[in-house]
Amino acid sequence: MPKVILHVDGTIVEQDVKDNANLVVLAGIRQFPKLKYGCGMGRCTKCTCQVISGAENLAPPNWKEEKMLGDKVNEGYRLTCQFTVQEDIEITQEYIAVEAPKKRSTIQAP
């Protein structure tokens, strides 16, 4: 079972999770405490984390992460709703200030 270490709100949560676990799903059913999250679909960015160690064990960022986080993905930022845990990982949600991009209107003025 993979171990997840989460740094959030000045505390450290260490917990074993099942293979292929999604942390937002676990948090939603109260099986992974303290994780910050919102929509669970990669739109709100509330679940943004920065991977401290274990990034090599995650699938590469998907298109939603690239769209919502932009260049931050190159700095190790991820959306916890968009990846599954298969090996040990350490992440932080401390001092993260990422906001979802503003929607652009496609209506053009006459």
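Note that this is a predicted model, so its numbers are computed, not measured. (Residues numbered from 1 in each chain as written. Predicted model: local features only at pLDDT ≥ 70, side-chain atom pairs only at ≥ 80, totals over all residues. Heavy atoms only, no water.)

Caption draft 1: Seen up close, the side chain of Gln82. As for its placement among the helices and strands, Gln82 is situated in the loop between β4 (77–79) and β5 (89–92). At 2.8 Å, the side chain of Gln82 and the side chain of Asn62 are in polar contact. Among residues more than four places away in sequence, those in contact with Gln82 are Asn22, Gly40, Met41, Gly42, Asn62, Lys64 and Glu65. (Helix = DSSP H or I, 4+ residues; strand = E, 2+ residues; numbered from the N terminus. Polar contact = N/O pair within 3.5 Å; in protein donor to acceptor, adjacent residues only side chain to side chain. Contact = heavy atoms within 4.5 Å.)

Caption draft 2: Expanded view of the side chain of Glu65. Its location among the elements puts Glu65 in helix α2 (residues 63–69). Glu65 sits in the buried class, given a relative accessible area of 0%. If near-sequence neighbours (up to four positions away) are discounted, Glu65 is found in contact with Pro60, Gly70, Val73, Arg78, Leu79, Gln82 and Phe83. (Buried < 20%, exposed > 50% of the residue type's maximum accessible area, 1.4 Å probe, protein only.)

Caption draft 3: Expanded view of unusual backbone geometry. One non-glycine residue, Asn20, lies in positive phi territory at about 65°. Here Asn20 shows up in the loop between β2 (11–16) and α1 (23–28). One non-glycine residue with positive phi stands out, namely Lys34, at about 80°. Structurally, Lys34 is set in the loop between α1 and β3 (48–53). Classification of Lys34 by relative accessible area gives partly exposed; the value is 49%.

Caption draft 4: Fine view of the pairing of β2. Two strands pair when backbone bridges link them, and strand β1 (residues 3–8) and β2 are joined in this way by 6 bridges, in the antiparallel orientation. Considered in β2, the bridge of Leu6 is made with Val13. If you look at the hairpin formed by β1 and β2, you'll find 2 residues sitting between the two strands, and Asp9 has a positive phi there, around 50°. (Pairing = 2+ DSSP bridges.)

Caption draft 5: Local environment of the environment of Arg78. Structurally, Arg78 is set in strand β4. Counting along the chain gives 48 residues from Arg78 to Arg30, while the straight-line C-alpha distance between them is 21 Å. Not counting the four nearest positions on each side in its chain, Arg78 is found in contact with Cys47, Thr48, Cys49, Val51, Leu58, Ala59, Pro60, Pro61, Glu65, Leu69 and Phe83. A distance of 3.1 Å separates a polar side-chain atom of Arg78 from the backbone oxygen of Ala59.

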